[in-house]
Amino acid sequence: MNASAPPVRRSPTHTAHVIMAGDLTPRMRRVTIRSDSLVGLVPRPAQDVELWLRDDSGRRVKRRYTIRQARPDLGELDLDVLLHGDGPGSAWGAAAAPGDAVEFQGPRGKLHLSSAAWHLLAGDESALPAITALCEALPPHEPAVAVIEVRDRADELTLPATAQVRWVHRASSDPGGPELLAAVLRELSLPPGAGHGYLMGETRAMVTLRSVLEARGIAHEAIFVKGYWNLGRPDRIAGRAPDRG
Ligand SMILES: Cc1cc2nc3c(=O)[nH]c(=O)nc-3n(C[C@H](O)[C@H](O)[C@H](O)COP(=O)(O)OP(=O)(O)OC[C@H]3O[C@@H](n4cnc5c(N)ncnc54)[C@H](O)[C@@H]3O)c2cc1C
């Protein structure tokens, strides 16, 4: 290793316990975790944690979940987990119960909110916790417009009253395509001035939507794009997490 190379900065590792778990909607479960090591930790809006879980065969896997809310005085984090199938993340969210131990790294995530005339946030239901947290964090004089694709009305959650929200129902269509969001983003009326864009959801769909936002006049460098999942393939297998049995 080059002695002059800057050190690799890894987010800290924590062991926490589930203290509460309950349904927010039929497909979204809030899991609250607590650890003494989280006391005093104040994450930025929409930062996430990387949980170390096990897949069906017992292999270690990592899955990322947004910190929907943090209570630094109590060392608590709320994670809102979409129950989309039987992958290790979904399965963990569905079964989480008070007393369960969970290891994770975080907080992590590169998004820094900066000032703009308005903010356009778009994504699918996996980004609902992030979009809501960002809308809550924005100052009232910087309007937020959120466009969120969900399966149906039962997936909808309450966002801050200051945000203008457009729900897009895909009904029986498959998740993970850009078309439904693109159609709305192309005709949406936007406030005057220079805005920032945020795209969070299925990776290829979000990359496709970047050009739609650019066509709406949002500067390339003012658009944050983050792939949250990959259509047709599980999230990557963890190699770094230590084996703790
Ligand atoms: C920074 C970041 C923050 C995130 N925050 C959240 C969050 O707060 N809440 C949340 O629920 N998710 C969040 N995600 C997305 C979540 O990590 C992925 O959806 C992850 O793949 C779920 O793992 P799994 O084990 O359930 O499914 P996997 O084992 O990864 O995948 C199994 C199958 O399910 C499909 N799949 C994966 N995710 C979805 C989905 N969302 N909808 C439909 N099909 C899917 C895959 O294509 C694959 O075919 C976040 C991701 C990132 C990168």
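Residues numbered from 1 in each chain as written. Predicted model: local features only at pLDDT ≥ 70, side-chain atom pairs only at ≥ 80, totals over all residues.

Undergrad: Looking at this structure, how should I read the overall build of the protein?
TA: The helix and strand inventory of the protein stands at four helices and eleven strands. Taking 245 residues into account, the globule formula puts the C-alpha radius of gyration at 18 Å, and the protein, at 18 Å, falls close to it. Projecting the C-alpha coordinates of the protein onto the three principal axes gives extents of approximately 55 × 50 × 35 Å. The buried share among the 245 residues of the protein stands at 35%. Sequence separation of at least 24 residues holds for 67% of the intrachain contacts in the protein that already meet a minimum separation of 6. (Helix = DSSP H or I, 4+ residues; strand = E, 2+ residues; numbered from the N terminus. Rg over C-alpha atoms; globule rule 2.2 N^0.38 Å. Buried ≥ 20, exposed ≤ 12 C-beta atoms within 10 Å, placed from the backbone. Contact = placed C-beta atoms within 7 Å.)

Undergrad: Please explain the nonpolar core as it appears in this structure.
TA: Soluble globular proteins tend to bury their nonpolar side chains together. Counting residues in hydrophobic clusters, the biggest one holds 33 residues, and the most contacted among them are Leu121, Ala122, Ile131, Leu134, Cys135, Ala146 and Leu209. Put simply, the parts of the chain that give this core at least two residues each are β7 (118-124), α2 (128-137), β8 (144-150), α3 (179-187), β10 (195-202), α4 (203-215) and β11 (223-229). Those residues within four positions of Ala146 in sequence are excluded, and the remaining contacts are Leu121, Ile131, Cys135, Leu159, Ala163 and Val165. Judged by nonpolar contacts, the second largest core, of 19 residues, contains Met28, Val61, Tyr65 and Phe104. (Core = buried A, V, L, I, M, F, W, Y, C linked by C-beta atoms within 7 Å.)

Undergrad: What's the story with the site of the ligand in this structure? I'm lost.
TA: Every one of the 27 residues lining the ligand counts as a neighbour, but Thr66, Leu82, Gly87, Gly89 and Pro234 are closest to it. The set of elements that each furnish at least two residues to the shell around the ligand consists of β4 (60-71), β5 (76-82), α1 (88-95) and β11. Ranked by residues supplied to the shell around the ligand, first place goes to β4 with four residues. Counting contributing residues per domain, the shell around the ligand is built from domain 1 (13-108) and domain 2 (118-229), each supplying no fewer than three. (Near = placed C-beta within 6 Å. Domains from an automatic or database assignment.)

Undergrad: Help me understand the domain arrangement of the protein, please; the structure alone is not making it clear to me.
TA: Often, the extent of an interface is quoted as the loss of accessible area on bringing the components together. Per the domain assignment, the segments of the protein are domain 1 (13-108) and domain 2 (118-229). Here the C-alpha centre of domain 2 lies 23 Å away from the C-alpha centre of domain 1. On the side of domain 2, eleven residues touch domain 1, which itself brings ten residues to the contact. Grouping the amino acids of the side of domain 1 that touches domain 2 by side-chain chemistry returns five nonpolar, two polar and three charged. (Nonpolar A, V, L, I, M, F, W, Y, C, P; charged D, E, K, R; others polar.)

Undergrad: I keep staring at the pairing of β4 and nothing clicks. Help me out?
TA: In summary, the side chains of a regular strand alternate between the two faces of the sheet. In the sheet, strand β3 (residues 48-54) pairs with β4 via seven bridges, with the strands oriented antiparallel. Among the inter-strand pairings, Leu53 is bridged to a residue of β4, identified as Val61. Linking β3 back to β4 in an antiparallel pair, the connection comprises five residues, with Gly58 at a positive phi of about 90 degrees. Pairing of β4 with β5, which is carried by four bridges, proceeds in the antiparallel orientation. Residue pairing across strands places Ala70 opposite Leu77, the latter belonging to β5. (Pairing = 2+ DSSP bridges.)

Undergrad: Sorry if this is basic, but what is going on with unusual backbone geometry here?
TA: Trans peptide bonds make up most of the peptide bonds, and negative phi angles are found at most residues other than glycine. For the bond running from Gly106 to Pro107, omega is 0 degrees, close enough to zero to count as cis. Positionally, Pro107 belongs in strand β6 (residues 101-108). In this structure, Ala46 takes a positive phi of about 70 degrees despite not being glycine. As for its placement among the helices and strands, Ala46 is situated in the loop between β2 (28-34) and β3. Here Ala46 falls in the buried class, since 27 other C-beta atoms lie within 10 Å of it. Its identity is not glycine, yet Ala171 carries a phi of approximately 55 degrees, on the positive side. Tracing the backbone shows Ala171 in the loop between β9 (163-169) and α3. Assessed through the 7 C-beta atoms surrounding it within 10 Å, Ala171 is described here as exposed.

Undergrad: What is the right way to look at the sheet that holds β9 in this model?
TA: The strands making up a sheet associate through backbone hydrogen bonding, with each pair oriented either parallel or antiparallel. Strand order across the open sheet formed by five strands is β9-β8-β7-β10-β11, with parallel pairing between neighbours. Looking along the sheet, the strands with just one partner apiece sit at the ends: β9 and β11. Strand-to-strand twist of the sheet, defined as the mean angle between neighbouring strand axes without regard to direction, takes the value 10 degrees. As judged from the seven bridges shared by β8 and β9, these two strands associate in the parallel manner. Of the residues in β9, the one forming a bridge with Ile148 is Trp167. (Axes fitted to C-alpha atoms, helices over the stretch in contact; angles between N-to-C directions.)

Undergrad: Would you explain the packing of α3 against α4 in this entry?
TA: Two numbers describe a pair of packed helices, the interaxial angle and the distance between the axes. Two numbers describe how α3 lies on α4: the axes approach to 9 Å, and their chain directions differ by 10 degrees. One element, α3, and the other, α4, form an angle in the roughly parallel class. Across the interface between the two elements, Leu181, Ala182, Leu185 and Arg186 of α3 pack against Leu209, Val212 and Leu213 of α4. Class assignment of the residues belonging to the contact of α3 with α4 gives a composition of six nonpolar, no polar and one charged. (Parallel < 35°, antiparallel > 145°, perpendicular 65-115°, else oblique.)

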